[in-house]
Structures are given as structure tokens and as C-alpha cells.
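Geometric and topological summary
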Amino acid sequence: MKLDSSKVEFSKNDIERNVKIPSYLTNELAYYIGIHVGDGCLNMYKRKTCNTTDYNLEYSGHAIDESEFHKDYIIPPIKELFNIDPWTGIGKKTTIKTYFRSKAVFTFLSNVVGLPVGSKRDIEIPTLIKMSDLEIKKFFLKGLFDTDGCMTFKKARKQRHYYPSINLASQSKNLIEIVKIFLDYFGIPASASYDLNGVRNGKVNTKHQIDIHGRDNVDKWFKEIGFNSSKHLTKYEIWKKFGFCPPYTNIIERQKILKGIVDINSYYDPVA
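Right, let's walk through the structure included here. (Residues numbered from 1 in each chain as written. Predicted model: local features only at pLDDT ≥ 70, side-chain atom pairs only at ≥ 80, totals over all residues. Heavy atoms only, no water.)

**As for the environment of Phe 108**
Applied cut-off: Each helix is a run of DSSP H or I of at least 4 residues and each strand a run of E of at least 2, with the numbering of both proceeding from the N terminus. Residues are treated as being in contact if the distance between any of their heavy atoms lies within 4.5 Å.
Summarising the element assignment, Phe 108 is placed in helix α4 (residues 103-113). Once the C-alpha coordinates of Phe 108 and Pro 22 are considered, the two residues, 86 residues apart in sequence, prove to be 8.9 Å apart. If sequence neighbours within four positions are ignored, Phe 108 has contacts with Leu 3, Val 8, Ile 21, Pro 22, Leu 29, Phe 82 and Val 113.

Put into C-alpha cells, the structure is as follows:
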């Protein structure tokens, strides 16, 4: 799909840095858009002192579990798609952030792609993704679930956490509704739950969630879509190797389990 770049605005700094904007919707761009819908943010700030505006783009994740993902799957697309070398740093509460400034990329994502500026509470899947073919949808879903998805394992009345589930939660009902439709396209059975109330930081929040439950359905996800993020892949590899995956582990611990450095059974009480 050819993109209309007539609404893209280049700053003087963009021109000096030779910032570029994609002309077509490719798999790589679809994956990046999925990443942005999951963990990205567009914000603009006006500086009163010098009467200029900063156009900020930021991607955040867990410093331990997602540093590798930022290095291998967020920074390279930004460089390849826009010819920009972003900054990366560790923020508060073990958060990793990858960020950069560009009026051209900002206006491209907001005016051409259709991503919201500021709050993503009611974010929707961009129309150009909804109108695209299955290959584009696949890469979008992979980027979205890599960043905002979660893979867990439940005991389900057994001694080990063997029952797999992949889920995605959002405050945007529309997002979950369309993700469900996309998964149907790929023949991946999923259940959607809406208007779930929970308390976070003393406030009641309403979220909507989609779940892919069970061995066959999770295997179907990996066959049709899959993950790039080692945060998810290490859990899947442990589950495939041992038949279960202990909860509350980080990526470093899981890598040690896979290498045989740590005994997976040490995460459970001895069986009587």
C-alpha cells in the first residue's frame, strides 16, 4: 500500500539529519506500528523560553525482561525506517526507554498512520492496517503482542504450571474487538472479555482482554504469528522442554534454566 506523505512536516533538524519517511506500508512498518500501539507514545511539548516545540516519541518496557528486545527489535526498525539513531536509557522503577525527537516522524505517525497524540486510552487499530492483507496484519499483531501481550502458565489443579495462555489487555474496547477479528482471520481461537473492573493504585480501572488458552491454541499462535521478544520466547521454550514453566521468573532466570545452570524444580517445594 502506497502512503500519502503530503501531511508530513519536516523540521530544519529533520532535514539536516536526513530523516526519511516510508512511502509504502511494509511488513517492517506494520510491525513497528504494532510496537507503537503496544508500548509507544507521541507527545509534543512547547518550550516557553524559546518558542519552539519538541516532538517526542517514546517506547518503554521492563529493564530486565525487555532490554534485549529494545536493542534487537525496536532500535533497528527506527534506524531502518526513519534513518534515526534513538537514545536508550534506564528510567525509574527498572524501566527501559527508547526515545527520539522528530517532527517528520511525529506527523507521519499521527497524520498519515493515524496514531493518537497523548493518551492511548481509546486507541484504535489504524485504518491502513485494517484495510491491509493478512501478511501486514500478522506483523502488526506480532509487534503488538511482543510489547503489550503476556504469556502465563496455570497449575489448573496440578503441581506444576503447565497450562499455557497468551493474553492482551487494554482500556480500549475497540482495540480488543478488532484484535479478536484479526485472530479469527488466522484461525486462532480466542476469547474476549469486556468491561472488567480492577483496582490499581487505589483507582478503579475498566479493561478489556483477549485470551488464547490451551496447548493447541497457543501452538497455533506460534505457527501463524509468533513472538520476537525473548521475554515470551524463553517461557515458551521452557514449557516445550519441561512441560511447565514456573511463574514470577525474569528472562535471566529463564535463560539459566534453559542452559541447565539452574534446576527448574528449585522453584517448587519438594513433592512429598
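**Some thoughts on the pattern of salt bridges**
This is how it is decided: Salt bridge, as used here, is a side-chain nitrogen of Lys or Arg placed within 4 Å of a carboxyl oxygen of Asp or Glu. For every residue, the accessible area (1.4 Å probe, protein chains only) is compared with the maximum for its type, and the residue is labelled buried under 20%, exposed over 50%, or partly exposed between those bounds.
Here the structure, examined in full by the defined rule, presents eleven salt bridges. Measuring nitrogen to oxygen at the nearest pair gives 3.1 Å for the salt bridge that ties Arg 17 to Asp 14. Placement of the pair is Arg 17 and Asp 14 together in helix α1 (residues 12-17), with a separation of three residues, close to one helical turn. For Arg 17, a relative accessible area of 32% translates into the label partly exposed. Between Asp 65 and Arg 254 there is a salt bridge whose closest N-O contact spans 4.0 Å. Taken together, the positions of Asp 65 in the loop between β2 (52-62) and α3 (67-82) and Arg 254 in helix α10 (residues 251-259) put the pair 189 residues apart, joining distant regions of the chain. For Asp 65, a relative accessible area of 13% translates into the label buried.

**A short note on a nonpolar patch on the surface**
The criterion, for reference: Each patch is assembled from residues with relative accessible area greater than 30% and no salt bridge, linking like charges that lie within 9 Å and nonpolar side chains (Val, Leu, Ile, Met, Phe, Trp, Tyr) that lie within 5 Å. Exposure was quantified through the Shrake-Rupley algorithm and a 1.4 Å probe, taking into account, for residues, occlusion by the shown protein chains and nothing else.
A contiguous nonpolar surface patch, about 280 Å² in accessible area, is contributed by Leu 134, Ile 181 and Tyr 185. With respect to the helices and strands, the residue Leu 134 is situated in helix α6 (residues 134-148). Leu 134 gets classed as partly exposed once you look at its relative accessible area, which sits at 41%.

**With respect to helix α2 (residues 27-39)**
Note the following rule: Between the first and last residue of a helix there are one fewer steps than residues, each counted as 1.5 Å, and that sum is the expected span.
Relative to the 18 Å expected for 13 residues at 1.5 Å per residue, α2 spans 18 Å between its end C-alpha atoms, a close match to the ideal helical length. The element α2 is largely enclosed, with a buried count of eleven among its 13 residues.

**What about the packing of aromatic side chains?**
Applicable threshold: Any two rings among Phe, Tyr and Trp, with Trp reduced to its six-membered ring, count as a pair given centres within 6.5 Å; such a pair is stacked if its planes are under 30 degrees apart, edge-to-face if over 60, and tilted if neither. Counting as a charge over the ring demands two things of the Lys NZ or Arg CZ atom: a distance within 6 Å of the ring centre and an angle within 35 degrees of the ring normal.
One pass over the structure, following the stated rule, counts 16 aromatic pairs. An angle of 80 degrees between the planes, with centres 5.8 Å apart, marks the rings of Phe 244 and Tyr 268 as edge-to-face. Within this pair, whereas Phe 244 is found in the loop between α9 (230-242) and α10, its partner Tyr 268 is found in the segment after α10, the two being separated by 24 residues in sequence. Assigned by exposure class, Phe 244 and Tyr 268 land together as buried. Among the aromatic side chains, those forming a connected cluster through ring pairs are Phe 145, Phe 153, Trp 221, Phe 222, Phe 227, Tyr 236 and Trp 239. In this structure, Lys 158 packs its charged tip against the face of Tyr 162, placed 4.4 Å from the ring centre.

**Side note on the environment of Asp 219**
Mapped onto the elements, Asp 219 comes out in helix α8 (residues 215-224). Since its relative accessible area comes to 22%, Asp 219 is described here as partly exposed. Excluding its chain neighbours within four sequence positions, the residues that come into contact with Asp 219 are Tyr 236, Trp 239 and Lys 240.

**So, the packing of α2 against α3**
Put simply, the rule reads: Helix axes are fitted only over the stretch in contact, all axes being lines through C-alpha atoms; the angle between N-to-C directions runs from 0 to 180 degrees. Angular relationships are summarised with four words: roughly parallel below 35 degrees, roughly antiparallel beyond 145, roughly perpendicular across 65 to 115, and oblique for the angles in between. A clockwise turn of the near helix away from the far one marks a right-handed crossing, whereas an anticlockwise turn of less than a right angle marks a left-handed crossing.
One way to put it is that α2 packs onto α3 with a least axis distance of 10 Å and a crossing angle of 125 degrees. Relative to α3, the element α2 is oriented oblique. Of the two elements, α2 crosses α3, and the hand of that crossing is left-handed. Contacts between α2 and α3 involve Glu 28, Leu 29, Tyr 31, Tyr 32 and Ile 35 on the former and, on the latter, Phe 69, Tyr 73, Ile 74, Pro 77, Ile 78, Glu 80, Leu 81 and Phe 82.

**Observations regarding α4**
Which entries qualify depends on this criterion: For this analysis, a polar contact is any N or O atom pair within 3.5 Å, provided that within protein one partner can donate a hydrogen and the other can accept it, and provided that sequence-adjacent residues contribute only side-chain to side-chain pairs.
Extensive coverage of α4 is indicated by the burial of nine of its eleven residues. All of the buried residues in α4 are Ala 104, Val 105, Phe 106, Thr 107, Phe 108, Leu 109, Ser 110, Val 112 and Val 113. N-capping of α4 is provided by Ser 102, with a side-chain oxygen placed 3.4 Å from the backbone N of Ala 104. Following α4 by one or two positions, Gly 114 has its phi on the positive side, about 95 degrees.

**Topic: the pairing of strand β1 (residues 40-47)**
Regular strands show a simple pattern: their side chains alternate between the two faces of the sheet. Put simply, the rule reads: At least two bridges found by DSSP between two strands are what make those strands a pair.
By the bridge criterion, eight bridges tie β1 to β2 in an arrangement that is antiparallel. Considered in β2, the bridge of Met 44 is made with Tyr 55. Taking the residues that link successive antiparallel strands as the turn, the β1-β2 hairpin has four residues, and the phi of Asn 51 there is positive, at about 55 degrees.

**Here we look at the side chain of Asp 14**
In this structure Asp 14 comes out as buried when scored by relative accessible area, which is 0%. In this structure, Asp 14 is in contact with Glu 9, Val 19, Ser 102, Lys 103 and Ala 104, ignoring residues within four places of it in sequence.

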